[in-house]
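So the chains spell out like this:
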Amino acid sequence: LKDQFDNLDKHTQWGIDFLEKYAKFVKERIEIEQNYAKQLRNLVKKYCPKRSPKDEEPRFTSCIAFFNILNELNDYAGQREVVAEEMGHRVYGELMRYSHDLKTERKMHLQEGRKAQQYLDMCWKQMDNSKKKFERECREAEKAQQSYERLDNDTNATKADVEKAKQQLNLRTHMADENKNEYAAQLQNFNGEQHKHYYIVIPQIYKQLQEMDERRTIKLSECYKGFADSERKVIPIISKCLEGMILAAKSVDEHRDSQLVIDCFKSGFEPPGDFPFEDYSQNIYRTISDGTISTPKQEGTRNDSKTTVGKAKGKLWLFGKKPKPQSPPLTPTSFYTSSTPNGSQYPIFSIEPVHYCMSDIKTGKPRIPSFRSLKRGGPALEDFSHLPPEQRRKKLQQRIDELNRELQKETDQKDALIKMKDVYEKNPQMGDPGSLQPKLTETMSNMDRLRMEIHKNEAWLSEVEGKVAARSDRRHSSDINHLVTQGRESPEGSYTDDANQEVRGPPQQHAHPNEFDDEFEDDDPLPAIGHCKAIYPFDGHNEGTLAMKEGEILYIIEEDKGDGWTRARRHNGEEGYVPTSYIDVTLEKNSKGA
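All values derive from a computational prediction rather than experimental measurement.

Caption draft 1: Structural context of the sheet that holds strand 8 (residues 565–569). Taken in spatial order, the 5 strands line up as 9-8-7-6-10 in an open sheet, and their pairing is antiparallel. Strand pairing shows two members of the sheet lacking a second neighbour, strand 9 (575–579) and strand 10 (583–587), which therefore form its edges. Within the sheet, the average angular offset between the axes of one strand and its neighbour, ignoring direction, is 40°. In terms of strand pairing, strand 8 meets strand 9 through 5 bridges, oriented antiparallel. Residue R569 lies in a different strand from strand 9, and its bridge partner there is E575.

Caption draft 2: Structural view of the UniProt feature "coiled-coil region" (unreviewed entry) in the protein chain. Cross-referencing UniProt, the feature "coiled-coil region" (unreviewed entry) maps to residues 124–168 and 393–427 in the present numbering. With 97% helix and 0% strand, residues 393–427 has its two end C-alpha atoms placed 51 Å apart.

Caption draft 3: Spotlight on the nonpolar core. Formed by 35 residues in total, the largest nonpolar core has its most connected members in Y22, V26, V91, L95 and Y206. For this core, the elements supplying multiple residues, two or more each, are helix 1 (5–47), helix 2 (61–153), helix 3 (159–233) and helix 4 (235–250). Counting residues per element, this core draws most heavily on helix 2, which supplies 13 residues. For L95, the residues in contact, after removing those within four places along its chain, are L19, Y22, A23, V26 and C223. One finds I529, C532, F538 and L546 within the second-largest nonpolar core, a separate group that totals 11 residues.

Caption draft 4: Molecular detail of the confidence of the model for the protein chain. Averaged over every residue, the pLDDT of the protein chain is 76; the share at 70 or more is 71%. This model gives residues 291–378 a pLDDT under 50, and the stretch forms 180 contacts once residues within four places in sequence are excluded. Across residues 480–523, confidence stays below pLDDT 50; counting only partners more than four residues off in sequence or on other chains, it has 116 contacts.

Caption draft 5: Looking closely at the side chain of R570. When you line up the elements, R570 lands in the loop between strand 8 and strand 9. At 2.7 Å, the side chain of R570 and the side chain of E552 are in polar contact.

Caption draft 6: Here's a closer look at the packing of aromatic side chains. Under the counting rule described, the total for this entry stands at 11 aromatic pairs. With a centroid separation of 4.7 Å and 85° between ring planes, the pair formed by Y22 and Y224 is classed as edge-to-face. Placement of the pair is Y22 in helix 1 and Y224 in helix 3, with a sequence separation of 202 residues. Among the residues examined, Y22 registers a relative accessible area of 10% and is labelled buried.

Caption draft 7: Main features of the side chain of T61. Turning to its location among the elements, T61 is positioned in helix 2. Taking relative accessible area as the criterion, T61 reaches 3% and is therefore assigned buried. Beyond its immediate stretch of four places on either side in the chain, T61 contacts S251, V252, D253, R256 and D257.

Caption draft 8: How the structure looks around helix 5 (residues 254–265). End to end, helix 5 covers 17 Å across 12 residues, agreeing with the expected 16 Å (1.5 Å per residue, within 8%). Among the residues of helix 5, the N-terminal cap falls to D253, whose side-chain oxygen and the backbone nitrogen of H255 are separated by 3.1 Å.

Caption draft 9: Fine view of the packing of helix 1 against helix 3. Packing of helix 1 against helix 3 leaves a shortest axis separation of 11 Å and a crossing angle of 15°. The pairing of helix 1 with helix 3 is recorded here as roughly parallel in orientation. As for the relative orientation of helix 1 and helix 3, their crossing is left-handed in sense. Split into classes, the residues belonging to the contact of helix 1 with helix 3 amount to 16 nonpolar, 3 polar and 5 charged.

Caption draft 10: Just the environment of E94, in detail. Residue placement: E94 occurs in helix 2. The class for E94 is partly exposed, based on a relative accessible area of 27%. Along the sequence, E94 and A23 sit 71 residues apart, while their C-alpha atoms lie 9.1 Å from each other. If near-sequence neighbours (up to four positions away) are discounted, E94 is found in contact with H89 and K219. A polar atom in the side chain of E94 sits 2.7 Å from the side chain of R97.

About the thresholds
- Residues numbered from 1 in each chain as written.
- Predicted model: local features only at pLDDT ≥ 70, side-chain atom pairs only at ≥ 80, totals over all residues.
- Heavy atoms only, no water.
- Pairing = 2+ DSSP bridges.
- Helix = DSSP H or I, 4+ residues; strand = E, 2+ residues; numbered from the N terminus.
- Axes fitted to C-alpha atoms, helices over the stretch in contact; angles between N-to-C directions.
- UniProt positions renumbered as here; feature names shortened; annotations may be inferred.
- Core = buried A, V, L, I, M, F, W, Y, C linked by side-chain atoms within 4.5 Å.
- Buried < 20%, exposed > 50% of the residue type's maximum accessible area, 1.4 Å probe, protein only.
- Contact = heavy atoms within 4.5 Å.
- pLDDT = per-residue confidence, 0-100.
- Polar contact = N/O pair within 3.5 Å; in protein donor to acceptor, adjacent residues only side chain to side chain.
- Phe/Tyr/Trp six-rings, centres within 6.5 Å; stacked < 30°, edge-to-face > 60°.
- Expected span 1.5 Å × (residues − 1).
- Parallel < 35°, antiparallel > 145°, perpendicular 65-115°, else oblique.
- Left-handed = near helix turned anticlockwise from the far one by under 90°.
- Nonpolar A, V, L, I, M, F, W, Y, C, P; charged D, E, K, R; others polar.

Spelled out as structure tokens, the structure:
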């Protein structure tokens, strides 16, 4: 390889190019890992629940498992970022630094080789010049000798010419000897330098280039290993992430999810009771029976059976269209007696079919807004009376718990302020005790306000729980009465197996037959209690809102309840909620009769 300097130059350049090519490969792999991790994080962010702290959506086990899987996937994305960071620091960064050092070292070695070659070429030129000069002087000396011999043999030549030619010959001969000595010295010097060049300098430079190339190969091997180690280091953590996903999948409990659905949508309403048998053949049997004992029929106190059936059909379906009921006359609640074979009497309550069903539902349900107003997205009431009993009880209990926690915080803060005030009173240099009085007063005020809120919500909770307990007792008693009177009741009165023992009376009437109807009545529009003028335009894109233009006049049918929304109606009957701050409201003096 002593004469392959140019080939070694090309080979070392190819080695550096290959090193940079592999570094570029690692860089692209790092970009892939970073983009993959970024896309995974965006995917997790996209499907993560965006719930506010007050969101109380039921946490089903399937949802929790999915959220856990998202968390594990987020950790997995973090491990991909660790792989990219490790590759960038341990492989790519090291390759780029080593490539820079390798280029510098290669350049230095090649420059040394070129300098050695240039020095050898210079020695050769000096030797060649001395050789050519020696050759020229020898030819001149030969010419001078030939000229001297010719003149010396010429008899006609003068002695001065011969002497001159002799002197010229001596001069040329002396110069040729000097050039000969110089040529010999240059030749010896060149041979020495050439031997040194090919046996000492160049081999040493080639050895350095060889060592450099071998180090490059070793560095590539180390980078290959580091490339794999970067991936292998995160495999245990990635395995844990996958195990976490499997555990999340195993944690799904279908029975628990079903129970959550039950708890979430449990309303506390009672199902309608059974309709009693309506015996329309009573009149026929009384007409043809001779021994029937009954009270005279009281007209005006008993509803016609056809009217009763019609009302029952109209009231049975709560979401259907309901005809306007006629208020029956109010009569005292009555019951009938029936005799047993041993002569004792026991009460049998007369249960009108539709009122029995409707009262059973009504006693277990607070008065709520109409379904149409709920669908429009009406404002939620403070006492949650718009919710079913069971859900209302849960909401009130949650609010009481939150208020108790806030009250405990305020209590702790009050105790801390009192202690600090005592410290200030004992050590005035630490602070002014009077500066804490405003904060202490504010804390006491907050505690009183929270106690009032807790008392108010506990009263609502007691009301709900009392209604639930009363409904449970009433359902128990109605079940007993149903068993006692089964097969013995009719819409018009009680009867026994013996037709002669039957006692007739007016049907039982409810004190407020139309109260339940008013809860679901939404056919008639609400009366206007005032009017308003739109100060600003409102688009009304949300469900339940009403769009309006600036300067538009609307009717007010429901005031602002403190939530910033007022219910209004257009002239064409369209209703909805508008922002209170966007309108100028004018209420009538006699709003109830407006």
